[in-house]
Amino acid sequence: MQLLGCSQRLAAGVQAEKLKGTACRTQGRAAVALRPRAAASVEVSGRDIREDAHNRANEPGSDAFNARYVPFKAVEDGSASRGSEEQYSLDEVLYRSNDGGLLDVHHDMDALRHFDAAYWKKLFDGRNATTSWPYGSGVWSKKEWVLPEISSDDIVSMFEGNSNLFWAERFGHQLGMSDLWVKQCGNSHTGSFKDLGMTVLVSQVNRLRKIKPDSVQAVGCASTGDTSAALSAYCAAAGIPSIVFLPADKISLAQLVQPIANGALVLSIDTDFDGCMKLIQEVTRSSPIYLANSMNSLRLEGQKTAAIEILQQFNWQVPDWLIIPGGNLGNIYAFYKGFKMCKDLGLVDRLPRLVCAQAQNANPLYLAYKNGYDTFAPVKAQTTFASAIQIGDPVSIDRAVLALRETDGIVEEASEEELMDAAARADLTGMFNCPHTGVALAALTKLRERGVIAPSDRTVVVSTAHGLKFAQSKVAYHSQEIEGIGSRYANPPVQVKENFGSVMDAIRTKFNQL
């Protein structure tokens, strides 16, 4: 099966409103008759929001864009862009190519190139943070680049994305930096970046259950906490049964209670994440349970929109560096894919350098990086406070290596003390970081100390989850209860007697100038 050519797809459309200005590139062909619809500023009172979305999705010519599964190897060797022989519809339930390798979602770039960069920027910016279904979502505002063929009526969204990118001025000054930014992906519905991918996966499942009712009866995942929270929430919103496989006693209570509250079947299993991952793959191979882990490339289509969002927030300027924690390693590839798509379609002219930050206790990519990626060997992940990246055999290792090679990227690691100290130090400047963000901040600190990142380099640290999901570790740190960690930045509460003198003594001790 071949991807339908751009001209073939567009020729099948019906005459629509012509694009204005330079929004259409003719490239020697007739002007394209399709224009993706921008969001209305507000829905008309009393109208059905989903019905309006359904009507919009079925306008003439709305099928001009398409995407297919292709083997990831075809992306690596460049054959995907030339028309890979092995291709599959996104409506098929599969996770691996014929040779057992990963799949990737490949878009018809010829069709997308019929619209110039100025058009896409205007379209995405015009939809951003509106209340129009589903374009108010930071993911679905880029619908044509995510799942172009899905009906908006099938989309399951909680208007995820659009997370804040803030200038970390004070922490940056401590590191001698003038242009340090933190992308707060944890400021999302379930408190982590996983919402970005789960809205796409669950939306496609919602579609599959309508067109192939017997093919998917539930959705399952192995998780270190955040994936299970996102899956259970989005499945609950769609009325789809969910099942989560969690390693017993290895996630925070806040992470555990989320799938419980959302009605998922929660299986606490006496193993680590890698053991849970093996079990869920066996289950999904033998039952109509859909696999929601990141080996399913649909999730990466949602996660890549965070990269596009960063470019939007910088007025389409490319940062010099992007630092992201890495565990199962799908996310660093997703960011690369988002940046690369913008470059390939002319929205930007370069890619940022990527840094993958790993916990020292779960660092297989770091070890591979140190030997030039000549060999990769899974490790037995040891306990780390950065529990969501406590993964020793990452599914997306090949994806991550491609992303790092293509961006002249770096892999750095952080010990338990380094990651906890980095999170606490940054907290003292107004943040409230999860341990995984601590890993990224520790990597940033090391790269600054070695002079790899320059003082004026525009650098973005991706905060992948909300610190409130890991309050237990912060309590332990500030109580100085963690064996082997000095808690350099600990700030424990001070107990005082109920009298003015004791209170003032405590204040003077803390603030000598008063």
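About the criteria used
Residues numbered from 1 in each chain as written. Predicted model: local features only at pLDDT ≥ 70, side-chain atom pairs only at ≥ 80, totals over all residues. Heavy atoms only, no water. Salt bridge = Lys/Arg side-chain N within 4 Å of Asp/Glu carboxyl O. Helix = DSSP H or I, 4+ residues; strand = E, 2+ residues; numbered from the N terminus. Buried < 20%, exposed > 50% of the residue type's maximum accessible area, 1.4 Å probe, protein only. Expected span 1.5 Å × (residues − 1). Contact = heavy atoms within 4.5 Å. Polar contact = N/O pair within 3.5 Å; in protein donor to acceptor, adjacent residues only side chain to side chain.

Draft legend 1. A look at the pattern of salt bridges. If you walk through the whole model with that rule in mind, you get 21 salt bridges. A salt bridge links Glu-301 to Lys-337; the shortest N-O distance between them is 2.5 Å. Here Glu-301 is found in helix 12 (residues 298-303), whereas its partner Lys-337 is found in helix 14 (residues 330-344), with 36 residues between them in sequence. Residue classification places Glu-301 among the buried residues on the basis of a relative accessible area of 0%. Across the pair Glu-412 and Lys-446 runs a salt bridge, and its minimum N-O distance is 4.0 Å. Remark: Lys-446 occurs in helix 18 (residues 435-449) and Glu-412 occurs in strand 11 (residues 410-414); sequence separation between them is 34 residues. Here Glu-412 and Lys-446 have matching classes, each one buried. In this structure, a network of salt bridges that share partners links the residues Asp-104, Glu-301, Lys-304 and Lys-337.

Draft legend 2. The arrangement of helix 11 (residues 273-285) in detail. Taking 1.5 Å of rise per residue, 13 residues should cover 18 Å, and helix 11 covers 18 Å from first to last C-alpha, within 8% of that figure. Three or more residues of helix 11 are buried, namely Phe-273, Asp-274, Gly-275, Cys-276, Met-277, Ile-280, Gln-281 and Thr-284. If you follow the buried residues of helix 11, they end up packed against strand 5 (218-222), strand 6 (242-247), strand 7 (265-269) and strand 8 (289-291). Its side-chain oxygen placed 3.3 Å from the backbone nitrogen of Asp-274, Asp-272 serves as the N-cap of helix 11.

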